[in-house]
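Observations on the model geometry
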There are 2 protein chains.
Amino acid sequence: MRVNLDRVRELDLQDPLAIFKERFALPEGVLYLDGNSLGAQPLAARDAVAETLDQWRDELIKGWNQGWFDAPERLGNRLAPVLGAGEGEVIVTDNITLNIFKLLGYIIGQRDEGRGVVLSEGGNFPTDGYIAQGFSRFGGHEHRFLPEGAPLEAHLDGVDVVVLSQVNYRTGALRDMAAVTRQVHAHGAEIIWDLAHSAGALPVDLNGCGARYAVGCTYKYLNGGPGAPAFLYVQRDHQDGGWQPLSGWHGHAAPFDFEANYAPAGDITRFRTGTHSALTYRALEASLDMWQDVDLQALRTKSLAMSELFRDCLADLLESYGITDITPAAGERGSQVSLVDTENGFAIVQALIARGVIGDYREPGLMRFGFTPLYLSFEDVWQAAGHFREVLETGEYRESRFNVRGAVT
Amino acid sequence: MRVNLDRVRELDLQDPLAIFKERFALPEGVLYLDGNSLGAQPLAARDAVAETLDQWRDELIKGWNQGWFDAPERLGNRLAPVLGAGEGEVIVTDNITLNIFKLLGYIIGQRDEGRGVVLSEGGNFPTDGYIAQGFSRFGGHEHRFLPEGAPLEAHLDGVDVVVLSQVNYRTGALRDMAAVTRQVHAHGAEIIWDLAHSAGALPVDLNGCGARYAVGCTYKYLNGGPGAPAFLYVQRDHQDGGWQPLSGWHGHAAPFDFEANYAPAGDITRFRTGTHSALTYRALEASLDMWQDVDLQALRTKSLAMSELFRDCLADLLESYGITDITPAAGERGSQVSLVDTENGFAIVQALIARGVIGDYREPGLMRFGFTPLYLSFEDVWQAAGHFREVLETGEYRESRFNVRGAVT
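Residues numbered from 1 in each chain as written. Chains lettered and ligands numbered in written order. Predicted model: local features only at pLDDT ≥ 70, side-chain atom pairs only at ≥ 80, totals over all residues. Heavy atoms only, no water.

What follows concerns the confidence of the model for chain A. Summary statistics for chain A give a mean pLDDT of 95 and a share of 97% for residues scoring 70 or more. In the predicted structure, residues 402-409 of chain A sits below a pLDDT of 50 and forms 23 contacts with residues beyond four places in sequence or in another chain. (pLDDT = per-residue confidence, 0-100. Contact = heavy atoms within 4.5 Å.)

In C-alpha cells form, the structure reads like this:
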C-alpha cells in the first residue's frame, strides 16, 4: 500500500467534518461504503421516532395538529438549503417514481402545444424510465431513451420533457446541471433532474443552475432511514401551473373544507397526495436538523479527498488483477468509486462484505463504493482499501464467487 | 341515564374480545371514540419499531433482504383474511389516493371500448373524488358525481368504473357490497370499493361479494399508526390485465435485473411503485399479527352492541337538546354513531375533548363517535355517554363554542 497511515491520520485531524461521526449509530467492525444505497442512522433519529411513538400513544388524533400534518412542507424547507433551493420550493412527499409522474403531468399540462415526446436516460436508474414509460403510455405520449453516452443535443427534437440524473448511479458521473438545463430550455423543452445520488453527496445548486424541476430521495446520503420519503422541487416562478395528475386531498387548496371538487393548492403543497407516515417523517427530520450544521463545500472537499485516497491506495494493484477503474475525474463525479471486473467483481464484493467492508455490486461486473463524509474517516477509507488489497492478494474472493447473487439498491 | 352500570359490567365480563385491551398502549384518563380516524397504538408496535431501528443501525443495506423488501406482499397476506380475500390478492402499498389512480388506469386500460365515464360518490370522503377527477382530466375521461342518496341504477349509463365506499365516513351508512357489485357488473362496469371505514370495523367479504377491486387504509380500525400505508385488492382472476400507470421499479416483473424497459409483475406486486418505509411497515405488521387472533363475527357483535349502548344511554336526552341521531340501523351501519347539531355540535365535541372524551366534528354539525371493539370496554362507552350527558346538562359546552375550528381526519 503506497499511502502512509500517519498522513491519513493527519487528514482526519484536520477534517472539519470529523465531529459528525459521533452523531451516528454505526455497528462495530463495519466499514460502510454503501451510504449511496442506504445511509447510516443518526443517533437523533432514534429518539425522534421514540418521541413520535409517545405522541401517537398519548395524543392520538391530536398529533396531526402537533407537527405531523405540515411535516412535508416543514421538512422541505429544512432540505432546501442542501439543494440550493429557497423557502417554499421543496416538499417531502411520496417516492421518486410518483414524483416524476406528478411533474411530467404538471409540466405537459401547461404546454399549449405539446410535442409528444418524453425523453429519459438509458443507463439511468431504471425507475425513472419505467415511470416515464407508464406516463407516456397512459397519456398518449411517446417515450424515447437517450442512449447512454449519446449527446443530448441530437435527441431533443420534438421533446417536451427530459428526465436526467445529476449523478449516474452506476458510474458516478456528474452532469453539468447549469449547462444541460440551458441546453434543454434553449430547445423549448423542460428538464426534471433526479438528485438521488447528488443530494447530500455534494453541493447542489438548483436555483443557481436555473433548474425548474427536480426530484430525489432522502434515504441515501441524507440518512433519512430505509424507505424515507422522497422530495420534489419546483422553482418558485413555475408554481402556478395548475393541476398535477395525482390530485389527492392533502394537495387541495383547502384540505379541511372537504369540498367535493378538487382545486390545487397555490403553492408547492399541490404535490402532496394523501396521508403520510408521521414516524418516517420524524426520523428524516432528525437527520435534516443535523444537515443544517453541515458545510457543503467542506463536504465536497472531503468526499473527493476520500474517493481519491481509496483509488490511490489501490492504484498499483488494479491493472494486474484485471480490474478497471471507471471512476470519473474529481470534478466530474459524485461521491463514489466505480470499479469493473466482469469475471470476479461479484466475488470480490462478497469477500469484502465477509470482512465487514460493505460496498455493492451491479451486473455486469460493477463494484460501487460510496463515500459519505459525515460518518467515514480517512482512516476508515484507508482500512477499507487495505481489506480490498488483502482480498485480492490472498485470493480469498475465489472462495465466495459461487455465492448466490442478489442485492437491493 | 337509563342504562344500569351493573348490566354494563356484566357485558364486559362476557366479552370474548376483552382480552385485547391490554395489548394496547392507551393514555390515562382518555375515552377514545376516534379510532375511526386514527387507531390506538398496539404495544407490540413499539417493540417492532425499536427492532427495525436496530436493524437499520446494525444491518444497514442488508435489512432489505431481511424482510423489508417483501413487506408489501407479506403484510397483504396478513391482511387478506380480515378482508375476506385470499393469498396473493392484497398488497400493502402507498396511500388510498394513489391506489385508486392505479386501479382506474389498470381497469380502463383493459377495456377494449371505453365508455369514457368515471363515477364517484358525492358525500364520500373527498380524496376519492379528487383523484377520480385528476385521473379523468389527465386521461381524457369524463368524471361524474353520484349525488348523495341518489339511486346508483339511474347513473350507470356510459360508466366504465364506479368508486364507492362500503361505509360512508360521515353517516356510517353501510352499503350492501354483494348487491351493489352485482348491479355494477350487470351494467358492464367495474367497481372499486373504498374500505377505509369498514376494514377492521366489521367482517368484510370481498371474495364472497364478488368484488374485484378495492382499496383501504390501515391507520384507522387496523391500528397501523399515523399515516400507515394503504392496501389494494385485486381478485385473483383479474390479475393478468397488464400495466397500471404508476409503473415503478418495485412493480417490475424482475426489479433486480435493472432492465431498461418496464414489464409489469404478473401478480399483485405490479401495484407497487417505489421504495417504502421499513419502519412504518413493521409497526403495521405488529398490529396485523394481533388481528390474526380476532374473531371478526365477535368484533361485529361487540361493535353493534357498543354503538347501541351509547345511543341507549343518550336516547332520552337528544331530542330535547335539538340533536338528531342519524346513525343507521344496526344492520346498515359501520362502527360509528353520528349525531347532528348544527348549532352546538362543534362546541359539544370540544367540551367532550376537554373531559378526555375524544370524538370528532365535521361541518356542518356532525359529531362522529367511533367504536373500536379491541380496546374499548362497554364501561368505557357508558362513561363516555355519561360525560356527554353532563356536558349537555351542565351547559359547559357553551364555554367552548368559540374555540377555533380545525381537525384532521
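There's more to say after this.
Further remarks concern empty space enclosed by the protein. Considering all chains together, one arrives at 6 cavities of 30 Å³ or more under this definition. Its volume calculated, the largest cavity comes out at about 390 Å³. If you go around the largest cavity, you meet 29 residues; those closest to its centre are A:Asp94, A:Ser277, B:Asp94, B:His276 and B:Ser277. Among the residues forming the lining of the largest cavity, the class breakdown is 10 nonpolar, 16 polar and 3 charged. (1 Å grid on protein atoms, 1.4 Å probe; cavity = no way out; pocket = protein on both sides within 12 Å on 5 of 7 lines; lining within 4 Å. Points joined across faces, edges and corners; volume = space filled by probe spheres on them. Nonpolar A, V, L, I, M, F, W, Y, C, P; charged D, E, K, R; others polar.)

Here we come to the pairing of strand 10 (residues 231-234) of chain B. All names here are of chain B. Covered by surrounding structure in strand 10 are Phe231 and Tyr233 together with Leu232 and Val234, the residues of both alternating faces. Pairing geometry for strand 4 (residues 90-92) and strand 10, over 3 bridges, is antiparallel. Looking at the pairing, Val90 lines up with Tyr233 of strand 10. Bridge count for strand 9 (residues 213-216) against strand 10 is 4 bridges, and the pairing is antiparallel. Across the sheet, residue Gly216 finds its bridge partner in strand 10, namely Phe231. (Buried < 20%, exposed > 50% of the residue type's maximum accessible area, 1.4 Å probe, protein only. Helix = DSSP H or I, 4+ residues; strand = E, 2+ residues; numbered from the N terminus. Pairing = 2+ DSSP bridges.)

All names here are of chain B. The strand order 11-12-15-14 describes an open sheet built from 4 strands, whose pairing is antiparallel. The strands lining the two open edges of the sheet, one partner per strand, are strand 11 (324-325) and strand 14 (360-362). Taken together, the 5 bridges between strand 12 (residues 336-340) and strand 15 (residues 366-370) define a ladder with antiparallel strand orientation. Pairing of Val340 across the sheet is with Leu366, part of strand 15.

Further remarks concern the environment of B:Asp205. Residue and element names in this part refer to chain B. Positionally, Asp205 belongs in the loop between strand 8 (190-194) and strand 9. Asp205 sits in the partly exposed class, given a relative accessible area of 40%. For the pair Asp205 and Ala80, spaced 125 residues apart in sequence, the C-alpha separation works out to 9.9 Å. Setting aside anything within four residues of it in sequence, one finds Asp205 in contact with Leu83, Gly84 and Met177.

To continue, consider the relation of the copies chain B and chain A. With an RMSD of 0.0 Å, the operation that places chain B on chain A is a rotation of 180° combined with a shift of 0.0 Å along the axis. With respect to symmetry, the two chain copies, as superposed, fit the operation of a two-fold axis. In terms of proximity to the rotation axis, the leading residue of chain B is B:Gly139, whose C-alpha is 3.0 Å off the axis. Both copies present the same face, since 100% of the interface residues in chain B are matched by interface residues at the equivalent positions in chain A. (Least-squares fit on C-alpha atoms with pLDDT ≥ 70 in both.)

Time to look at the packing of aromatic side chains. Applying the stated rule across the entire model yields 46 aromatic pairs over all chains. Measuring from ring centre to ring centre gives 5.5 Å for A:Phe101 and B:Phe101, while their planes differ by 80°; the resulting arrangement is edge-to-face. With A:Phe101 in helix 4 (residues 96-110) and B:Phe101 in helix 4 (residues 96-110), this pair bridges two chains. A relative accessible area of 0% means that A:Phe101 is categorised as buried. Each ring, one from B:Phe310 and one from B:Phe388, has its centre 6.3 Å from the other, and the planes form 80°; the classification is edge-to-face. With a gap of 78 residues between them, B:Phe310 in helix 8 (residues 296-314) and B:Phe388 in helix 10 (residues 378-394) connect regions that are remote in the sequence. (Phe/Tyr/Trp six-rings, centres within 6.5 Å; stacked < 30°, edge-to-face > 60°.)

This part is about helix 9 (residues 345-354) of chain B. All names here are of chain B. Counting buried positions along helix 9 gives 7 out of 10 residues, so the element sits mostly inside the fold. Considered for burial, the residues of helix 9 that qualify are Gly345, Phe346, Ala347, Ile348, Val349, Ala351 and Leu352. Just past helix 9, the residue Gly356 takes up positive phi, approximately 85°.

Turning to the UniProt feature "binding site: pyridoxal 5'-phosphate" (unreviewed entry) in chain A, a few remarks are in order. All names here are of chain A. Mapped onto this numbering, the UniProt entry annotates "binding site: pyridoxal 5'-phosphate" (unreviewed entry) at Ile96, Thr97, Phe125, Pro126, Thr127, Asp128, Asp194, His197, Tyr219, Trp249 and Thr275. A maximum C-alpha distance of 30.6 Å among these annotated residues, which run over 180 residues, shows that they spread across the structure rather than meeting at one spot. Restricting the annotated residues just mentioned to those that line the largest cavity leaves Thr275. Tracing the backbone through its elements, the reader meets Ile96 in helix 4. Looking at the element boundaries, Pro126 is found in helix 5 (residues 126-139). (UniProt positions renumbered as here; feature names shortened; annotations may be inferred.)

Right, let's get into the UniProt feature "modified residue: N6-(pyridoxal phosphate)lysine" (unreviewed entry) in chain A. All names here are of chain A. As recorded in UniProt, the sites labelled "modified residue: N6-(pyridoxal phosphate)lysine" (unreviewed entry) are Lys220. What makes Lys220 buried here is its relative accessible area of 4%. From its side chain, Lys220 meets the backbone oxygen of Asn36 in a polar contact 3.2 Å long. (Polar contact = N/O pair within 3.5 Å; in protein donor to acceptor, adjacent residues only side chain to side chain.)

Residues and elements named next belong to chain B. Relative to the assigned elements, Glu379 resides in helix 10. In sequence terms Glu379 and Val163 are 216 residues apart; their C-alpha atoms lie 38 Å from each other. Once you skip the residues sitting within four places of it in the chain, Glu379 turns out to touch Leu5, Val8, Arg9 and Asp12.

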